[in-house]
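As a plain string of letters, each chain reads:
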Amino acid sequence: MLQSPRLVSGPAKAEGEVAQFQPLPALLQSLLAVYGGAGRLLAEAGVSRGDGAAVITVFDAIGGLGKTTLALHLARQAGLRGERVFYLNLELWNATNLLLDGDCGTAMADVLYLLHTQPDAAVSKLGELRKHCVRMKADYFTPGVNPEERMSMGPDEAVKLIGLLAGSGDYDLVIADMDSRLNPLALAVFGVSDAVVWLVTPSGTVCRKTELALDYARRKWTDKFHQAERKIRFVSNRCSSRHSNEQQAGSPLLKKITATLPEVDEWSGAPKQDIWSAAPHYRGAVEQLLEALGRKEGSGYVRGGYGA
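Engineer: Please explain the overall build of the chain as it appears in this structure.
Structural biologist: Scanning the chain for helices and strands turns up eleven helices and ten strands. Within the chain, the proportion of its 308 residues that are buried is 49%. Excluding contacts between residues fewer than 6 apart, the proportion of contacts in the chain whose partners are at least 24 apart in sequence is 74%. When the accessible surface of the chain is split by element, carbon and sulfur atoms take 53% of a total near 14800 Å².

Below, the structure is given as structure tokens:
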């Protein structure tokens, strides 16, 4: 039987105990930590949860194209559908504390340490390390305070981390928000993803730089990148009506576009926190992107179904 929390009047000292008298955010986090072991307990009881969560990676080779905004909104839109979502930021310079709940911490370093030293205990500790963002409708790890922790992450660690989240039984979807660096770590994450959303814009310069990055990867990793390239879905951001002719007559890359995202005028020059405000046309485009990636509302994600 799944464990229920036991409310105690003093500090929580045993597994499953939750201190009754504490600030509401802390109380909610404590309850999530208790229930967070549900996936592990089901697995131990022999109850299957399928092949695990689907993984969508969001990437661009340039930087500054709106990649993190898209990743956060993909998480939010899937969460609004009732999906259980984890947003995983793998950027070296992770500033999402400005967009989420304003906290930094050691959660990423702690989970990587557990994966290295006590891999069997990592799932049971997941509920204690993650946070939930109400606005994003998803769980996440707080950004680290020491960039060297992220610098030390190699391809194997990234794959294990994604495997932990996708296989925990707690999630339907993991959104991986990557650095704008095409390196072995990115290639490894592409390899365990069901779809790679590669962001571009209608700009000729952006398209040319993207083509150069693709050519480099094809030469550098040949067969490995060929396998990953089948999962790539190009998405054009910051599009307006004036770009329609450019998309027809411009770079060949723009003819491979899976979806377009509109330019959001009210976000221009606004504080980053305002990405959650208004912009129904952007949210609608994100919803259409989820469907283009193979996710029909109410049907669930099917692992491996994106590359077809």
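Engineer: What's the story with the packing of aromatic side chains in this structure? I'm lost.
Structural biologist: For any pair of aromatic rings, the description rests on two quantities: the centre-to-centre distance and the angle between the ring planes. By the definition in use, this model includes seven aromatic pairs. Here the aromatic cluster, defined as three or more aromatic residues joined through ring pairs, consists of Phe59, Phe190, Trp198 and Phe234.

Engineer: Looking at this structure, I do not really get helix 8 (residues 184–191). What am I missing?
Structural biologist: For helix 8, a buried count of six out of eight residues is recorded, marking the element as mostly surrounded by other parts of the structure. For helix 8, the full list of buried residues reads Leu185, Ala186, Leu187, Ala188, Val189 and Phe190. Looking at the buried residues of helix 8, the elements they touch are strand 3 (54–59), helix 6 (147–151), helix 7 (155–166), strand 7 (173–177), strand 8 (195–200) and helix 9 (204–229).

Engineer: What am I meant to see in the sheet that holds strand 7 here?
Structural biologist: Two orientations exist for strands paired in a sheet by backbone hydrogen bonds: parallel and antiparallel. Pairing within the open sheet is mixed, and its eight strands lie in the order 5-6-4-7-3-8-9-10. Both edges of this open sheet fall to strand 5 (131–133) and strand 10 (257–262), since each of them pairs with a single strand only. Going across the sheet, the axis of each strand differs from the next one's by a mean of 25°, ignoring polarity. Pairing geometry for strand 4 (residues 85–89) and strand 6 (residues 138–140), over two bridges, is parallel. Opposite Tyr87, over in strand 6, you have Tyr140 as the bridge partner.

Engineer: Honestly, the packing of helix 3 (residues 67–80) against helix 11 (residues 280–292) in this entry has me stumped. Any pointers?
Structural biologist: Between two packed helices, what matters for the description is the angle formed by their axes and the separation of those axes. Put simply, helix 3 and helix 11 touch, their axes get as near as 10 Å, and they point 75° apart. Comparing their axes, helix 11 and helix 3 come out roughly perpendicular. For the pair helix 3 and helix 11, the contacting residues are Thr69, Leu70, His73, Leu74, Arg76, Gln77 and Ala78 in the first and Tyr282, Arg283, Val286, Glu287, Leu289 and Leu290 in the second.

Engineer: Which parts of the structure should I look at to understand the pairing of strand 4?
Structural biologist: Note on strand geometry: in a regular strand, side chains alternate between the two faces of the sheet. Counted residue by residue, strand 4 has five buried out of five residues, so it is predominantly covered. Burial along strand 4 is two-sided: Val85, Tyr87 and Asn89 facing one way and Phe86 and Leu88 facing the other are all buried. Note that strand 4 and strand 7 share five bridges and pair parallel. Looking across to strand 7, one finds that Tyr87 is bridged to Ile175.

Engineer: I tried to follow the packing of helix 4 (residues 107–117) against helix 7 on my own but got confused; where do I start?
Structural biologist: Axis separation between helix 4 and helix 7 bottoms out at 10 Å; the angle between their running directions is 95°. One element, helix 4, and the other, helix 7, form an angle in the roughly perpendicular class. The residues of helix 7 that touch helix 4, namely those facing Met108, Val111, Leu112 and Leu115, are Glu157, Lys160, Leu161 and Leu164. Classifying every residue of the contact of helix 4 with helix 7 gives six nonpolar, no polar and two charged.

Engineer: How should I be thinking about the nonpolar core in this particular structure?
Structural biologist: Across soluble globular proteins, nonpolar side chains show a tendency to be buried alongside one another. Residues Leu70, Leu88, Met136, Phe141, Leu161, Ile175 and Trp198 are the most contacted members of the largest nonpolar core, which totals 87 residues. Ignoring anything within four residues of it in the chain, the contact list for Phe141 reads Phe86, Tyr87, Leu88, Ala107, Met108, Val111, Leu126, Leu129, Arg130, Leu161 and Leu165.

Engineer: Is there a simple way to explain the environment of Met178 in this structure?
Structural biologist: Tracing the sequence through the fold places Met178 in the loop between strand 7 and helix 8. For Met178, a relative accessible area of 2% puts it in the buried group. In sequence terms Met178 and Val189 are eleven residues apart; their C-alpha atoms lie 8.8 Å from each other. In this view, Met178 contacts Thr57, Val58, Phe59, Lys67, Leu90, Glu91, Leu185, Ala186 and Val189; residues no more than four positions away in its chain are not counted.

Engineer: Which parts of the structure should I look at to understand the pattern of salt bridges?
Structural biologist: Two side chains that carry opposite charge are able to pair once their charged atoms sit near each other. One pass over the structure, following the stated rule, counts 14 salt bridges. The salt bridge partner of Glu91 is Lys67, with a shortest N-O separation of 3.0 Å. Residue Glu91 is found in the loop between strand 4 and helix 4, and its partner Lys67 is found in helix 3; the two are separated by 24 residues along the sequence. By the burial criterion, Glu91 is buried, and Lys67 matches it. With its nearest N and O atoms 2.5 Å apart, the salt bridge here joins Glu229 to Arg218. Taking relative accessible area as the criterion, Glu229 reaches 23% and is therefore assigned partly exposed. A cluster of three or more residues bridged by salt bridges with shared partners is formed by Lys67, Glu91 and Asp177.

How each quantity is defined
Residues numbered from 1 in each chain as written. Predicted model: local features only at pLDDT ≥ 70, side-chain atom pairs only at ≥ 80, totals over all residues. Heavy atoms only, no water. Helix = DSSP H or I, 4+ residues; strand = E, 2+ residues; numbered from the N terminus. Buried < 20%, exposed > 50% of the residue type's maximum accessible area, 1.4 Å probe, protein only. Contact = heavy atoms within 4.5 Å. Areas by Shrake-Rupley, 256 points an atom, 1.4 Å probe, with all protein chains shown as cover. Phe/Tyr/Trp six-rings, centres within 6.5 Å; stacked < 30°, edge-to-face > 60°. Pairing = 2+ DSSP bridges. Axes fitted to C-alpha atoms, helices over the stretch in contact; angles between N-to-C directions. Parallel < 35°, antiparallel > 145°, perpendicular 65-115°, else oblique. Nonpolar A, V, L, I, M, F, W, Y, C, P; charged D, E, K, R; others polar. Core = buried A, V, L, I, M, F, W, Y, C linked by side-chain atoms within 4.5 Å. Salt bridge = Lys/Arg side-chain N within 4 Å of Asp/Glu carboxyl O.

Nothing here speaks to function; it is geometry throughout.
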